[in-house]
Amino acid sequence: MPTPEPPPGPPPPEPTPGPKREPEPAETRFETRFETPQQRANRNLVELLQELRVLQTGVQILLAFLLGIAFTERFTGLDGTQKAVYVTTFLLTVASAAVLSTPVALHRGLFHRGAKRRIVDLSTRLTQVGLAFLALALNGAVLLLMDVVLGRTAAIAIVSVTAVMFAVLWFLLPRVLRRW
């Protein structure tokens, strides 16, 4: 069956656009984006949640490792300092998991409430705190493992290096690049 032709006459009027807003450029030294504040907030939230997915996997693996240690025969042979390092590391890992998953809870709790910019701002700060907890937890795990395997002196030397590595890569380098 053939499709009917439109009636003759002038074409229907085009919808009148709303007030015209120029997108705001998000300029950096490396790129220029033309997007509205809402588009920027949407993009920033998607990028942040993707980064957190990667971090949460690492936190979950560390947490599983630490949970397993307590139920091994060798755990009873740890001295008081090693057990204190274990407990501290375990609690730092739990804190890291809680803080790094808070942006997801914020997004769910404030979904469709027009708070995306606030969610992104707060989530960025929470991610920085969560990274600090995670860096401390990872260093604690290295300290415990190296203490058991190589002895306390070697463990402290190794953790000194890993602590500086985390400080430089996760905290100092981003600050330097922001100013660059």
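Details of the structure are given in the entry above.
In this text, all values refer to a predicted model and were calculated from it rather than measured experimentally.

Peer 1: Any chance you could break down the layout of surface pockets for me, citing the residues and the numbers?
Peer 2: Take a probe with the size of a water molecule and roll it over the atoms, and the empty space left behind shows itself. Considering only enclosed or pocket space, the second largest pocket measures out at about 190 Å³ in volume. Lining the second largest pocket are Phe65, Leu66, Ile69, Thr72, Arg74, Phe75, Leu78, Ala141, Leu144, Leu145, Val148 and Val149. Elements represented by at least two residues in the lining of the second largest pocket include exactly α1 (37–69) and α3 (116–150). In terms of residue count, α3 provides more of the lining of the second largest pocket than any other element does, five residues in total. Taken together, the residues of the lining of the second largest pocket sort by class into ten nonpolar, one polar and one charged.

Peer 1: Lay out helix α4 (residues 152–179) in plain terms, naming residues and giving numbers.
Peer 2: Counted at 1.5 Å a residue, the expected span for α4 with its 28 residues is 40 Å, and the 39 Å between its end C-alpha atoms agrees. Turning to α4, its buried residues number three or more, namely Ala155, Val159, Thr162 and Phe166. Looking at the buried positions of α4, the neighbouring elements they touch are α3.

Peer 1: Mind laying out the packing of α1 against α3, listing which residues take part and the relevant values?
Peer 2: Interhelical geometry of α1 versus α3 gives an angle of 25° and a closest axis separation of 10 Å. In terms of orientation, α1 and α3 fall into the roughly parallel class. Every pair of crossing elements has a handedness; the one defined by α1 and α3 is left-handed. Of the residues belonging to the contact of α1 with α3, the class tally is 16 nonpolar, six polar and two charged.

Peer 1: Which residues make up the pattern of salt bridges, and what values go with them?
Peer 2: Think of it this way: side chains of opposite charge can pair up when their charged atoms draw near. Tallied over the full model, the rule gives four salt bridges. Across the salt bridge formed by Asp79 and Arg152, the nearest N and O atoms sit 2.9 Å from each other. Here the residue Asp79 occupies a position in the loop between α1 and α2 (80–109), and Arg152 occupies one in helix α4, the gap between them amounting to 73 residues. Take Asp79: its relative accessible area is 33%, and that puts it in the partly exposed class. Linking Arg152 and Asp147 is a salt bridge whose minimum nitrogen-to-oxygen distance equals 2.8 Å. When its relative accessible area of 10% is taken as the criterion, Asp147 is described as buried.

Peer 1: Just give me the short version of the packing of aromatic side chains, but keep the residues and values in it.
Peer 2: Evaluated as defined, the whole model comprises three aromatic pairs. Residues Tyr86 and Phe90 carry aromatic rings whose centres are separated by 6.2 Å and whose planes lie at 20° to one another, so their mutual orientation is stacked. With a gap of four residues between them, Tyr86 and Phe90 both fall in helix α2, about one helical turn apart. When the ring of Phe166 is compared with that of Trp170, the centres are 4.7 Å apart and the planes differ by 70°; the resulting orientation is edge-to-face. On the criterion of helical spacing, the pair formed by Phe166 and Trp170 is a turn pair, its members being four residues apart in helix α4. Take Phe166: its relative accessible area is 14%, and that puts it in the buried class. Look at Trp170 and you get partly exposed, because its relative accessible area is 26%. Here the aromatic residues Phe75, Tyr86 and Phe90 are joined through ring pairs into a cluster of three or more.

Peer 1: Break down a nonpolar patch on the surface for me, with residues and values.
Peer 2: Side chains of Val164, Met165, Val168, Leu169, Leu172, Leu173, Val176, Leu177 and Trp180 sit close together on the surface and give an oily, nonpolar patch of about 830 Å² of accessible area. Considering the arrangement of structural elements, one finds Val168 in helix α4.

Peer 1: Any chance you could break down α2 for me, citing the residues and the numbers?
Peer 2: The periodicity of an α-helix, 3.6 residues per turn, causes residues three or four places apart in sequence to face the same way. Here α2 spans 42 Å end to end across 30 residues, near enough to the 44 Å set by a 1.5 Å rise per residue. All of the buried residues in α2 are Gln82, Val85, Tyr86, Thr89, Leu92, Thr93, Ser96, Val99, Leu100, Pro103, Leu106 and His107. Against the buried residues of α2 lie α1, α3 and α4. For α2, the capping residue at the N-terminal end is Asp79, with a side-chain oxygen 3.0 Å from the backbone nitrogen of Thr81.

Calculation rules
- Residues numbered from 1 in each chain as written.
- Predicted model: local features only at pLDDT ≥ 70, side-chain atom pairs only at ≥ 80, totals over all residues.
- Heavy atoms only, no water.
- 1 Å grid on protein atoms, 1.4 Å probe; cavity = no way out; pocket = protein on both sides within 12 Å on 5 of 7 lines; lining within 4 Å.
- Points joined across faces, edges and corners; volume = space filled by probe spheres on them.
- Helix = DSSP H or I, 4+ residues; strand = E, 2+ residues; numbered from the N terminus.
- Nonpolar A, V, L, I, M, F, W, Y, C, P; charged D, E, K, R; others polar.
- Expected span 1.5 Å × (residues − 1).
- Buried < 20%, exposed > 50% of the residue type's maximum accessible area, 1.4 Å probe, protein only.
- Contact = heavy atoms within 4.5 Å.
- Axes fitted to C-alpha atoms, helices over the stretch in contact; angles between N-to-C directions.
- Parallel < 35°, antiparallel > 145°, perpendicular 65-115°, else oblique.
- Left-handed = near helix turned anticlockwise from the far one by under 90°.
- Salt bridge = Lys/Arg side-chain N within 4 Å of Asp/Glu carboxyl O.
- Phe/Tyr/Trp six-rings, centres within 6.5 Å; stacked < 30°, edge-to-face > 60°.
- Patch = residues over 30% accessible without salt bridge, like charges linked within 9 Å, V, L, I, M, F, W, Y side chains within 5 Å.
- Areas by Shrake-Rupley, 256 points an atom, 1.4 Å probe, with all protein chains shown as cover.
- Polar contact = N/O pair within 3.5 Å; in protein donor to acceptor, adjacent residues only side chain to side chain.

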